[in-house]
Amino acid sequence: MKKRIAIVGYGGQGGWHGDHALKSDVVELAGIYDIKPAREEVARAKGVHVYPSFEAILEDKTVDIVVCATPNDVHEDIVVRSLLSGKNVVCEKPVALSLESLDRMIAAAKEAGKLFTVHQNRRWDVDFLGMKSIIESGNIGDVINIESRVHGSRGIPSDWRAQKPYGGGMILDWGVHLIDQMLKLIPDRIKTVACRCRYITTTEVDDGFGLNILFESGKTAYIEVGTYNFLPLPRFYMQCKNGTALITDWREEAQVVKCKYWHENDVLPVQTAAGITKTMAPRDEITTDTYTVARPTSDVHDFYRNLVLAIDGEAEQLIKHAEVRRVLKVMEAAFESDAKGGAPIAFDEER
């Protein structure tokens, strides 16, 4: 039997959940609630039930799962009240504006004995899955450095995402996705976090940032989000012990160059604009293999399939509390670093 979900907040992401629930093989949409009448009308036009209040959702015994898809600043109240009323909860990200707030949600889930998870949907992005498959194959060796970027040119949307009280800004928007992805690609213990935010199109919240993560293993990661980039840099760039991988755009296949032989007998210098160089002489097919990796298949409905199995005790939930806490700690360290001029912040894995 399908689990019944009710959505609180029927904006962009709430609408996404609603549309997918209507096509799901494991959940069905009980209804939605939104404080804005216009969004309620959108739901009614689709034949979706509209609850008269949030309390009405909590009182509906047929609702198994509450999806919180509101602005970031009101997540905690909705999540905690839903859990303590006996509902399982999915919260949009970032789940909280502080680690303390998240911990109160986790405590409520334990008290209620209900499942609580976060919708880290970009774990199903094919570009991320492509890089993950290259790492797991071991074909070009252990990771040295990964760079992950998302660039746009339209600034921050002119809604709550540009307002600090509601949890706006790019670290809390795209940053939470890219950090979560990076910590799945490099799960090593973190040593330091350093970040500089940008304020090009607004001064209230960051409209871009550059974040460096140094791991205790010596591996490094760089995460960048920009909203004023009219020529975007590649989505992913990865250096490994035996080669390099590149994804220019999420719609493209991964390009890989594997080093077969490190040294050549005679490296011929190449002529550049102002002189010759052997150091930067290009490789050839004798010492390298060049190939592409097909885009993996991905089904976003797997999030809800796992959720239902986890609720029934038949599977472990994919997005775990410890992973969500760790991402939030990185974001807090990023804000602290930016406030200190980009200084590296020692990361406390045990906090």
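Details of the structure are given in the entry above.
Residues numbered from 1 in each chain as written. Predicted model: local features only at pLDDT ≥ 70, side-chain atom pairs only at ≥ 80, totals over all residues. Heavy atoms only, no water.

With respect to helix α6 (residues 126–137)
Where we set the bar: The numbering of helices and of strands both runs from the N terminus, where a helix is a DSSP run of H or I of at least 4 residues and a strand a run of E of at least 2. Expected span of a helix, by definition, is 1.5 Å for each gap between consecutive residues, and there is one gap fewer than residues. Three labels apply to residues, based on accessible area from a 1.4 Å probe with only protein chains included: buried if under 20% of the type maximum, exposed if over 50%, partly exposed otherwise in between. When checking whether two residues touch, look at their non-hydrogen atoms; a contact exists if any pair is within 4.5 Å.
The terminal C-alpha atoms of α6, which comprises twelve residues, lie 16 Å apart, in line with the 16 Å expected from a rise of 1.5 Å per residue. All of the buried residues along α6 are Val126, Asp127, Phe128, Leu129, Gly130, Met131 and Ile134. Buried-residue contacts for α6 involve α7 (171–185), β10 (236–240), β11 (243–247), β12 (254–259) and β15 (288–293). Immediately downstream of α6, the backbone of Gly138 shows phi near 70°, a positive value.

Focus: helix α8 (residues 302–311)
Within α8 the residues assigned to the buried category are Phe303, Tyr304, Asn306, Leu307, Val308 and Ala310. Here the buried face of α8 lies against β1 (3–8), α1 (12–21), β2 (27–33), β3 (65–68), β4 (88–91) and β5 (116–118). Positive backbone phi, approximately 75°, marks Gly313, located one or two places after α8.

Considering the packing of helix α4 (residues 75–84) against helix α5 (residues 99–112)
Where we set the bar: Inter-axis angles, ranging from 0 to 180 degrees, are taken between N-to-C directions of lines fitted to C-alpha atoms, where helices are fitted over the stretch in contact. Between 65 and 115 degrees an angle is taken as roughly perpendicular, under 35 as roughly parallel, over 145 as roughly antiparallel, and anywhere else as oblique. All amino acids are sorted into three groups, where Ala, Val, Leu, Ile, Met, Phe, Trp, Tyr, Cys and Pro are nonpolar, Asp, Glu, Lys and Arg are charged, and the leftover types, Gly among them, are polar.
Between α4 and α5, the least distance of the axes is 8 Å, while the angle of their chain directions is 10°. One finds that α4 runs roughly parallel with respect to α5. Of α5, the residues touching α4 (which contributes His75, Glu76, Val79, Val80, Leu83 and Leu84) are Ser101, Arg104, Met105, Ala108, Ala109, Glu111 and Ala112. Looking at the contact of α4 with α5, its residues break down into eight nonpolar, two polar and three charged.

Describing the sheet that holds strand β6 (residues 143–151)
Quick reminder of the rule: Here, any two strands with at least 2 DSSP bridges between them count as paired.
Reading across from one edge, β15-β12-β11-β10-β6-β9-β8-β7-β16 is the order of the nine strands in this open sheet, with mixed pairing throughout. Two strands close off the open sheet at either side, each with one partner strand: β15 and β16 (345–346). Sitting on the sheet, α7 touches β6, β7 (190–198), β8 (208–215), β9 (220–226) and β10, and the angle it makes with β9 is about 155°. Together, β7, β8 and β16 form the strand contacts of helix α9 (residues 321–339), whose direction differs from that of β7 by roughly 55°.

A closer look at the pattern of salt bridges
To keep things clear, this is the line we draw: Think of a salt bridge as a Lys or Arg side-chain nitrogen and an Asp or Glu carboxyl oxygen that are within 4 Å of each other.
Summed over all chains, the structure comprises 34 salt bridges. Arg104 is the salt-bridge partner of Glu76, the closest N and O atoms lying 2.6 Å from each other. Of this pair, Glu76 sits in helix α4 while Arg104 is found in helix α5, placing the two residues 28 residues apart along the sequence. Across the pair Arg149 and Glu147 runs a salt bridge whose closest N-O atoms are separated by 2.8 Å. Taking the relative accessible area as the measure of exposure, Arg149 reaches 12% and is therefore buried.

Structural measurements only, silent on function.
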